Amino acid sequence: MGTNVDITQEKIDQLLAEMAEHKKKQGPLMPTLHSAQRIFGCIPIQVQKIISKELDISVARINGVVTFYGHFSVVPKGKNVISVCLGTACYVKGSEGILDTIAHELKISVGETTDDGMFTLKETRCIGACGLAPVFMVNGEVYGNASVQMVKDIITKLKN
Ligand code: FES
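Report on the accompanying structure. (Residues numbered from 1 in each chain as written. Predicted model: local features only at pLDDT ≥ 70, side-chain atom pairs only at ≥ 80, totals over all residues. Heavy atoms only, no water.)

### Looking at the overall build of the protein chain
Moving on, step 1. Helix and strand counts for the protein chain come out as 7 helices and 4 strands.
Moving on, step 2. When the helices and strands of the protein chain are placed in sequence order, the string is α-α-α-α-β-α-α-β-β-β-α.
Moving on, step 3. Viewed in the frame of its principal axes, the protein chain has a C-alpha envelope of about 50 × 30 × 25 Å.
Moving on, step 4. Relative to its 160 residues, the protein chain shows a buried fraction of 41%. (Helix = DSSP H or I, 4+ residues; strand = E, 2+ residues; numbered from the N terminus. Buried < 20%, exposed > 50% of the residue type's maximum accessible area, 1.4 Å probe, protein only.)

Here it is in structure tokens:
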């Protein structure tokens, strides 16, 4: 769900140009996916098909890689990306409850974007701030000692 992806000829040309470079080296798939994610903001099926044709790799395999790595996404990311740490220290301190609260507040599951394109919810591994557990990030900014009330307040603030 979420906003539509802008797949312009210009962006496709840019991807093909970057792929021409990647193809000169071994293992062009990962660098190509990084290029695609940067150029389009996500890697939807239409883009996967282009990559599939160019690299002669099946769409199924490409889609498997795209969905496996947290860095890539099939749908556009929302304006605000919220990631909750599910590393051990955070998990023990209740980060799953934080994640559930956000999912409930935004009415989306992990990996999804709200229909209005405002929020994407993600989970992350340890981000090295265990002393502040449980932690979550909003657009790269770390919030420590997280509480359910805290995430509710931040979501309300971002909505307005
Ligand atoms: S486990 Fe969450 S920051 Fe380390």
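### Re the nonpolar core
Moving on, step 1. Within the largest apolar cluster, 18 residues are counted, with the highest numbers of intra-cluster contacts made by Ile82, Val84, Ile98, Ile102, Leu106, Leu121 and Phe136.
Moving on, step 2. Taken together, the elements giving at least two residues each to this core come down to strand E1 (80-85), helix H6 (95-106), strand E2 (119-124), strand E3 (136-138) and helix H7 (148-159).
Moving on, step 3. A per-element tally of this core places H6 first, with 5 residues.
Moving on, step 4. Look past the residues within four positions of Ile102 in its chain and what remains in contact with it is Ile82, Val84, Leu121, Val151 and Ile155.
Moving on, step 5. In this structure, Met19, Ile39, Phe40 and Leu55 belong to the second largest nonpolar core, which totals 17 residues. (Core = buried A, V, L, I, M, F, W, Y, C linked by side-chain atoms within 4.5 Å. Contact = heavy atoms within 4.5 Å.)

### Describing the environment of Tyr91
Moving on, step 1. Counting through the fold element by element, Tyr91 comes out in helix H5 (residues 88-92).
Moving on, step 2. Separated by 26 residues in the primary sequence, Tyr91 and Val65 have C-alpha atoms spaced 26 Å apart.
Moving on, step 3. Apart from residues lying up to four places away in sequence, Tyr91 is in contact with Leu86 and Glu96.
Moving on, step 4. A distance of 3.1 Å separates the side chain of Tyr91 from the side chain of Glu96, its partner in a polar contact. (Polar contact = N/O pair within 3.5 Å; in protein donor to acceptor, adjacent residues only side chain to side chain.)

### Regarding the layout of surface pockets
Moving on, step 1. There is about 630 Å³ of room inside the largest pocket.
Moving on, step 2. Around the largest pocket sit 26 residues that line it, and Tyr69, Gly70, Phe72, Lys122 and Glu123 are the ones nearest its centre.
Moving on, step 3. Elements that contribute at least two residues to the lining of the largest pocket include exactly helix H4 (59-68), E1 and E2.
Moving on, step 4. Taken together, domain 1 (9-68) and domain 2 (80-159) each give at least three residues to the lining of the largest pocket, which thus spans both. (1 Å grid on protein atoms, 1.4 Å probe; cavity = no way out; pocket = protein on both sides within 12 Å on 5 of 7 lines; lining within 4 Å. Points joined across faces, edges and corners; volume = space filled by probe spheres on them. Domains from an automatic or database assignment.)

### Let's talk about the side chain of Gln37
Moving on, step 1. By the secondary structure assignment, Gln37 is in helix H2 (residues 29-40).
Moving on, step 2. Overall, the relative accessible area of 7% leaves Gln37 in the buried class.

### Focus on the pattern of salt bridges
Opposite charge on two side chains makes pairing possible when the charged atoms of those side chains draw close.
Moving on, step 1. One pass over the structure, following the stated rule, counts 3 salt bridges.
Moving on, step 2. Here Glu18 ties to Arg38 by a salt bridge, and the two come within 2.6 Å at their closest N and O atoms. With Glu18 in helix H1 (residues 9-22) and Arg38 in helix H2, this residue pair connects regions lying 20 residues apart in the sequence.
Moving on, step 3. On the basis of relative accessibility, which here comes to 18%, the residue Glu18 falls in the buried class.
Moving on, step 4. Owing to a relative accessible area of 55%, Arg38 belongs among the exposed residues under this scheme. (Salt bridge = Lys/Arg side-chain N within 4 Å of Asp/Glu carboxyl O.)

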